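Descriptive structure summary
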Amino acid sequence: MDLEVIVANLPLYVQGLWVTVQLVALALVAGLLLAVPLAILAASPNPAVQFLPKAYIYVMRGTPLLVQMYVIYFGLAQFDSVRESFLWPVLKEAYWCALLSFSLNTAGYTAEILRGAIQQTPFGEVEAGRACGMSRSVIYRRIILPSAFRRALPAYGNEVIFMLHGSAVAGVITIIDLFGAARIVNSRHFVPFDAFITAGLFYLALTFLIVGVFKVWEKRWFAHLNPREH
Amino acid sequence: MHEFLTSVFDGVLDGYFYPFILEGMLLTVQVALLSLLLALVLGLVTAVAKLSASRAARTVANVYTTVIRGIPDIVLMFIIFFGGQVMVNDFGVWLLDLSEAHDWPVKLGWEYIEISAFTAGVFTIGFIFGAYMGETFRGGIMAVPRGEIEAGHAFGMSRAQVFFRITFPASVRHALPGFGNNWLVLAKTTALVSVIGLEDMVYRAASAGGAVRKPFTFYLAVAVLYLVITAVSDVGIRWLNRRYSVGVRNA
């Protein structure tokens with residue numbers, strides 16, 4: 001390992017780390033906000049209501065994130081209407097294109113996780129809500145969604161890790177995230193092993209951090225399932 | 001709507017789409033299948049190592065699966081493609097110097113070997129998904145009832161015989177859902193080989209889309225082709241599932 005080069009470029013890596021964390025966090029928040037209504041619609045017993053959200057989920061899960069990002073970043077410029085619209089200053093920036101495609105992508109995966117969790121709600125819980133005179137929206141807000149979020153937590157933890165790893169493709173379209181930083185270090189000093197392994201270690205650390213956080217959350221949210229302490 | 005569609009598809013797809021993009025799809029499928037083969041072998045070895053009595057084997061397997069699953073595939077691909085290149089050549093030169101310095105009768109080593117993007121792509125993806133397959137197979141093997149394995153031993157089968165005749169075939173059914181998921185993720189991961197210069201369908205969509213100034217059209221076409229791969233795989237996985245669940249009663 002050429003430690004001197006790596007140490008000299010640590011500020012670049014830290015800057016990249018910050019961009020990665022930012023991209024992933026914003027995409028996860030936007031994705032989750034989009035995923036909740038999608039999941040509720042996809043879990044509906046009515047096939048006509050299910051159709052569009054399910055098709056969206058299928059397309060997002062069935063195509064590579066890299067291609068989705070290319071469609072938005074390189075593809076949208078094909079249309080004059082997009083280039084002339086007020087959104088163009090945003091859509092021509094690699095950063096916003098990456099954020100948009102990540103959000104849409106994680107919304108698809110998260111919606112599928114939530115849909116499964118919503119459909120697994122024990123019927124007795126819903127029935128109890130009805131017996132108390134709750135309306136459908138109140139049942140969703142107070143019963144179905146909280147218990148579905150809890151059930152979805154382990155699978156959602158995996159999705160967060162997938163999003164973190166998927167976000168590395170941002171480095172391909174000129175964004176200086178962790179992977180982009182490693183590419184710069186490699187092209188300046190030609191130390192491929194050292195440059196990419198350093199980025200890999202940062203990602204590994206982030207992964208462990210996410211796993212740790214979700215363990216704590218699971219412990220808290222599943223506290224009622226723990227064996228009783230006497 | 002009609003005008004919009006003509007502006008998107010107007011004449012560009014013929015000639016470019018077939019054969020140019022479809023040939024790229026053939027390469028995508030080749031990379032996917034070859035890396036699947038490697039991943040299956042590595043996964044099986046990993047699963048056996050993880051369940052073995054040897055502490056060293058367990059540690060190596062655990063480090064492998066933890067590290068691989070903690071680093072993005074594109075980063076691993078660059079480590080192996082660029083780093084592997086440097087390592088192979090440093091080793092070759094070192095060997096060459098050594099054999100010249102000691103006047104070995106046979107000259108070993110090499111000046112420069114280029115690892116092709118195809119080899120690097122297949123090895124990286126195979127190596128990555130070997131870790132995921134290892135976890136899946138481990139779960140499958142653990143789901144085989146202990147009594148079946150004991151029955152094998154009672155018949156006087158050797159440990160290898162028990163594994164290949166009982167444990168492995170019986171574990172397939174339990175490992176299939178995880179295997180199916182891994183395969184679908186693997187197929188999509190092949191898109192990354194375009195970044196290291198392999199002319200798969202994503203790479204070709206970039207050049208064709210650039211040439212006729214219709215990037216959206218070509219990336220969309222590639223997205224649809226990925227959906228075709230996913231849909232065909234779904235049918236295949238369901239067929240396998242039926243085959244390996246013969247004799248299992250479902251509620």
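Residues numbered from 1 in each chain as written. Chains lettered and ligands numbered in written order. Predicted model: local features only at pLDDT ≥ 70, side-chain atom pairs only at ≥ 80, totals over all residues.

What follows concerns the overall build of chain A. From N to C terminus, chain A includes 11 helices and zero strands. Its helices and strands taken in sequence order, chain A reads α-α-α-α-α-α-α-α-α-α-α from the N to the C terminus. Seen through its C-alpha atoms, chain A measures out along the principal axes to roughly 70 × 60 × 25 Å. Residues classed as buried in chain A amount to 40% of the 230 residues present. (Helix = DSSP H or I, 4+ residues; strand = E, 2+ residues; numbered from the N terminus. Buried ≥ 20, exposed ≤ 12 C-beta atoms within 10 Å, placed from the backbone.)

With that settled, the discussion passes to the overall build of chain B. Of regular secondary structure, chain B possesses 10 helices and one strand. In terms of overall size, chain B is more extended than a compact globule, its C-alpha atoms giving a radius of gyration of 23 Å where 251 residues would be expected to give roughly 18 Å. Dimensions of chain B along its principal axes, counting C-alpha atoms only, are 75 × 70 × 30 Å. Burial status across chain B gives 35% buried among its 251 residues. A fraction of 74% describes how many contacts in chain B between residues 6 or more apart in sequence connect residues 24 or more apart. (Rg over C-alpha atoms; globule rule 2.2 N^0.38 Å. Contact = placed C-beta atoms within 7 Å.)

For the rest of this paragraph, the subject is the interface of chain B and chain A. With 27 residues of chain B at the contact, the number on the chain A side is 28 residues. Top element by residues in the side of chain B that touches chain A is helix H10 (residues 215–244) of chain B. It accounts for nine residues. When grouped by side-chain class, the residues that make up the side of chain B that touches chain A number 21 nonpolar, three polar and three charged. (Nonpolar A, V, L, I, M, F, W, Y, C, P; charged D, E, K, R; others polar.)

A few words now on the packing of helix H2 (residues 10–42) of chain A against helix H7 (residues 94–119) of chain A. Residues and elements named next belong to chain A. Running from amino to carboxyl end, H2 crosses H7 at an angle of 45 degrees, the nearest separation of the two axes being 6 Å. By the angle between their directions, the pair H2 and H7 is classed as oblique. Classified by chirality, the crossing of H7 by H2 is right-handed. Partitioned by chemical class, the residues of the contact of H2 with H7 number 20 nonpolar, four polar and one charged. (Axes fitted to C-alpha atoms, helices over the stretch in contact; angles between N-to-C directions. Parallel < 35°, antiparallel > 145°, perpendicular 65-115°, else oblique. Left-handed = near helix turned anticlockwise from the far one by under 90°.)

This part takes up helix H5 (residues 73–101) of chain B. For the α-helix, the turn length of 3.6 residues means that residues three or four positions removed from each other point alike. An ideal rise of 1.5 Å per residue puts 42 Å on 29 residues; H5 of chain B measures up with 40 Å between its terminal C-alpha atoms. At Gly84 of chain B, H5 of chain B shows its largest bend, some 35 degrees. Residues of H5 of chain B that are buried: Asp73, Ile74, Val75, Leu76, Met77, Phe78, Ile79, Ile80, Phe81 and Phe82 of chain B. Contact partners of the buried residues in H5 of chain B: helix H9 (136–166), helix H10 (178–189) and helix H11 (192–221) of chain A together with helix H4 (55–70), helix H6 (117–142) and helix H8 (159–189) of chain B. Taken from the residues just after H5 of chain B, Asp103 of chain B is the one with a positive phi, measuring 50 degrees. (Expected span 1.5 Å × (residues − 1). Bend = angle between axes of the 7 residues up to and from the residue.)

Looking now at the confidence of the model for chain B. All names here are of chain B. Across chain B, the average pLDDT comes to 88, with 94% of residues at 70 or higher. When pLDDT is averaged over each helix and strand of chain B, the minimum, 66, is found for helix H2 (residues 13–16) and the maximum, 94, for helix H3 (residues 20–50). Across the interfaces of the predicted complex, the ipTM metric reaches 0.89, alongside a pTM of 0.89. (pLDDT = per-residue confidence, 0-100.)

Moving on: the nonpolar core. Grouped together as the largest cluster of nonpolar side chains are 95 residues, with contacts concentrated most on Val67 and Ala199 of chain A together with Val75, Tyr219 and Val222 of chain B. Contacts of Val75 of chain B, omitting those with residues within four sequence positions, involve Ala168, Phe179, Phe196, Ala199, Gly200 and Tyr203 of chain A. One finds Ala39, Ala107, Ala111 and Ile118 of chain A within the second-largest nonpolar core, a separate group that totals 19 residues. (Core = buried A, V, L, I, M, F, W, Y, C linked by C-beta atoms within 7 Å.)

Here we come to the environment of Ile57 of chain A. All names here are of chain A. Of note, Ile57 is situated in helix H3 (residues 47–62). Taking the C-alpha atoms as reference, Ile57 lies 9.0 Å from Ala42; in sequence the two are 15 residues apart. Those residues in contact with Ile57, other than ones at most four positions away along the chain, are Ala42, Gly108, Ala111 and Glu112.

Moving on, we come to unusual backbone geometry. Here the phi dihedral of Phe190 of chain A falls at roughly 45 degrees; this positive angle occurs in a residue that is not glycine. Locating Phe190 of chain A in the fold gives a position in the loop between H10 and H11. Among the residues examined, Phe190 of chain A registers 13 C-beta atoms within 10 Å and is labelled partly exposed. The backbone of Arg213 of chain B shows a phi angle near 60 degrees, a positive value even though the residue is not glycine. Residue position: Arg213 of chain B is located in the loop between helix H9 (201–211) and H10. Exposure remark for Arg213 of chain B: the 11 C-beta atoms within 10 Å place this residue in the exposed category.

Once that is clear, we can look at the confidence of the model for chain A. Confidence along chain A averages 92 in pLDDT terms, with 99% of residues attaining 70 or more. Looking over chain A, one finds the lowest element-wise mean pLDDT in helix H5 (residues 80–84) of chain A, namely 84, and the highest in H2 of chain A, namely 97.

Next up on the list: H6 of chain B. Residues and elements named next belong to chain B. Between the first and last C-alpha of H6 there are 37 Å, a value that for 26 residues agrees with the 38 Å anticipated at 1.5 Å per step. Gly130 marks the point of greatest bend in H6, at about 25 degrees. Among the 26 residues in H6, 19 count as buried, and that is most of the element.

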